[in-house]
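Remarks on the overall topology
One-letter residues, chain by chain:
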Amino acid sequence: MKRTVNFNAGPATLPLPALERARDEFLDFAGSGMSVMEHSHRGKEYEAVHNEAIALVRELLGVPESYEVLLLQGGATALFALIPMNFLEKGKTARYVVTGAWGQKALGEAKLVAGMSGAETAAWNLGVGEGKDKSYTRVPAPSEVKVEAGDAYLHITSNETIHGVAFNVDPSRAFPATGAVPLVADMSSDFLWRPFDVTKFGMVYAGAQKNIGPSGVVVAVVSKELLERGRKDIPKIFQFRTHAENRSLYNTPPTFGVYMVRNVLSWLKGQGGLAGMEKINRKKAARLYGVIDGNAKFFRSPVERESRSVMNVVFRLPAPELEERFIAEAKNQGMIGLKGHRSVGGVRASIYNAVSYEWVEKLAAFMEAFARAK
Ligand SMILES: *Cc1c(COP(=O)(O)O)cnc(C)c1O
């Protein structure tokens, strides 16, 4: 079987060994005579998988005891609503740094919740231009973002999947000093591609389908202190506390999705963990941005250099017709998923952990040949 060279933004390609493991264990999990997805979520077979997935997040990221790792459902989009529902109290302000489409969506949900609960939102919207045509090209400098003591939290999107805009240096330096105000980050498209200090955050969360598994699972890491503060007057199922108290087994979790996350993280550990992964990821991104900058008459990155994403490399060609031809010819050569998001157009190569350097090299060589031929 020939693997398609897949640059999809999400659901995205998964590491082949994680898929092969699933294939091998599919019909008969751990000698039980049934598939893992046929097991009770209260049984010892599934529970071992569940605990291992959580333990792997803890181990890879170095999560201390003062933080909980949660496995949730509803996608990162559900958390756009659940975060203000839990942490935005009456009379308080939640602040949002909007560096792309996902941050915009998160802010929209927070505004609705604030309206219900008599709270406020405030935002730094770094989009350039108006309304629908707003384009996002950078993250803020630390000095641009100010929080006030007593704010509910500050929300950022560490990597904007559609616009290719990211906070690139060590998060503890990149993110504004927030003091006692918890920093909350949507890390859906850049969770676990490099080490970072989770203790600088009140909460980070990520939909699995970009970098760590299939859709249907959201991984969140939340400080116990923040969990304590969460509201208790919302339905139990929506309280993060409930899931923490029940080790994410309050109701039936997406068992097969969690199993796949386990397989992916176990593979990741074998790649030298996050430090090993970061080296490869930086090399991949440098190769593609190198082609873009080295052919500046032909390719153009719309993102300011310091804010360029290592996960989603967004670029333009001189004309939309050329972009269409580029994407079509790449497809003929077995490379898919390069079309930019429908809201922004252009070209986007998503090069998450599971995308090998060889795949990136194939794309880079194709880009160089395409530019030369035009
Ligand atoms: C994909 C994505 C989301 C939405 O994820 P869903 O699982 O579809 O809800 C949110 N934030 C970011 C940064 C994303 O990349």
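Everything numeric in this text was worked out from a predicted model, so none of it was measured.

Conventions used here
Residues numbered from 1 in each chain as written. Predicted model: local features only at pLDDT ≥ 70, side-chain atom pairs only at ≥ 80, totals over all residues. Heavy atoms only, no water. Domains from an automatic or database assignment. Buried area = accessible area lost by both parts, 1.4 Å probe. Near = heavy atom within 4 Å. Polar contact = N/O pair within 3.5 Å; in protein donor to acceptor, adjacent residues only side chain to side chain. Areas by Shrake-Rupley, 256 points an atom, 1.4 Å probe, with all protein chains shown as cover. Helix = DSSP H or I, 4+ residues; strand = E, 2+ residues; numbered from the N terminus. Contact = heavy atoms within 4.5 Å. Pairing = 2+ DSSP bridges. Axes fitted to C-alpha atoms, helices over the stretch in contact; angles between N-to-C directions. Buried < 20%, exposed > 50% of the residue type's maximum accessible area, 1.4 Å probe, protein only. Patch = residues over 30% accessible without salt bridge, like charges linked within 9 Å, V, L, I, M, F, W, Y side chains within 5 Å. Salt bridge = Lys/Arg side-chain N within 4 Å of Asp/Glu carboxyl O. Expected span 1.5 Å × (residues − 1). Arc of directions from axis to C-beta.

Section: the domain arrangement of the chain
Looking at the chain, the domain boundaries give domain 1 (18-270) and domain 2 (273-373). Taking only C-alpha atoms, the centre of domain 1 and the centre of domain 2 are 27 Å apart. Both faces considered, domain 1 and domain 2 share a buried interface measuring about 2,200 Å² in area, 56% of it formed by carbon and sulfur atoms. The largest share of the area that domain 1 buries against domain 2 comes from Ile-162, Asn-168 and Trp-193, three residues that together contribute 30% of it.

Structural notes on the site of the ligand
What surrounds the ligand is a group of 13 residues, the closest being Thr-77, Thr-161, Asp-186, Gln-209 and Lys-210. One of the side-chain nitrogen or oxygen atoms of Thr-77 is found 2.5 Å away from an oxygen atom of the ligand. At 2.6 Å from a nitrogen atom of the ligand is found a side-chain nitrogen or oxygen belonging to Asp-186. When isolated, the ligand has an accessible area of 390 Å², and the protein chains bury 87% of it. The element contributing the most residues to the shell around the ligand is helix α3 (residues 75-87), with four residues.

Here's the deal with the environment of Thr-121
Secondary-structure assignment places Thr-121 in strand β4 (residues 120-125). Sequence-wise, Thr-121 and Met-1 are 120 residues apart; in three dimensions their C-alpha atoms are separated by 51 Å. Excluding residues that lie within four positions of it along the chain, Thr-121 makes contacts with Leu-88, Thr-93, Ala-94, Leu-107, Ala-110, Lys-111 and Ala-114.

Section: the sheet that holds strand β3 (residues 93-98)
Spatial ordering of the open sheet is given by β2-β12-β11-β10-β7-β3-β4, a layout of seven strands whose pairing is mixed. Of all the strands in the sheet, the pair left with one neighbour each is β2 (67-72) and β4. In this sheet, adjacent strand axes meet at a mean angle of 15° when their direction is disregarded. Pairing of strand β11 (residues 203-207) with strand β12 (residues 218-223) involves five bridges; the strand directions are antiparallel. From the neighbouring strand, Val-204 faces β12, where its bridge partner is Val-221. With respect to the sheet, helix α2 (residues 44-61) is in contact with β2 and β12, its orientation differing from that of β2 by roughly 135°. Here α3 sits on the sheet and contacts β2, β3, β7 (153-157), β10 (183-186), β11 and β12; the angle it forms with β11, its principal contact strand, is near 155°.

Remarks on the side chain of Thr-13
Checked against the element boundaries, Thr-13 lands in the loop between β1 (5-6) and α1 (16-25). A residue is classified by how much of its surface remains accessible, and Thr-13, at 8% relative accessible area, is buried. Within the structure, Thr-13 has its side chain in polar contact with the side chain of Arg-3 (distance 3.3 Å). Residues in contact with Thr-13, not counting those within four places in the same chain, are Arg-3, Asn-6, Ala-354, Val-355 and Trp-359.

Considering a nonpolar patch on the surface
Residues Phe-26, Leu-27 and Met-37 make up a contiguous nonpolar surface patch of roughly 320 Å² in combined accessible area. Within the element layout of this structure, Leu-27 appears in the loop between α1 and α2. Exposure remark for Leu-27: the relative accessible area of 68% places this residue in the exposed category.

Regarding α2
If you check α2, its first and last C-alpha atoms are 26 Å apart, about what 18 residues at 1.5 Å a residue would give, namely 26 Å. Among all positions of α2, only Tyr-46, Val-49, His-50, Ala-53, Ile-54, Leu-56, Val-57, Leu-60 and Leu-61 are buried. Projected down its long axis, α2 shows its buried positions confined to an angular sector of 150°, all on one face. Looking at the packing, one finds that the buried side of α2 touches β2, β12, α8 (255-270) and α9 (273-294). Immediately downstream of α2, the backbone of Gly-62 shows phi near 65°, a positive value.

Structural notes on the pattern of salt bridges
This structure, assessed with the given rule, holds 20 salt bridges. In this structure, Arg-138 engages Glu-144 in a salt bridge whose closest nitrogen and oxygen atoms are separated by 2.8 Å. When its relative accessible area of 24% is taken as the criterion, Arg-138 is described as partly exposed. For Arg-308, the salt bridge is made with Asp-293, and the minimal N-O distance between the two is 3.0 Å. Remark: Asp-293 occurs in helix α9 and Arg-308 occurs in the loop between α9 and β13 (312-315); sequence separation between them is 15 residues.

What about the pairing of β13?
Side chains Asn-312 and Val-314 project from β13 onto one buried face, and the interleaved Val-313 and Phe-315 project onto a second face that is buried too. Pairing analysis gives four bridges linking β13 to strand β15 (residues 347-350), with the strands arranged antiparallel. What sits directly across from Val-314, in β15, is Arg-348.

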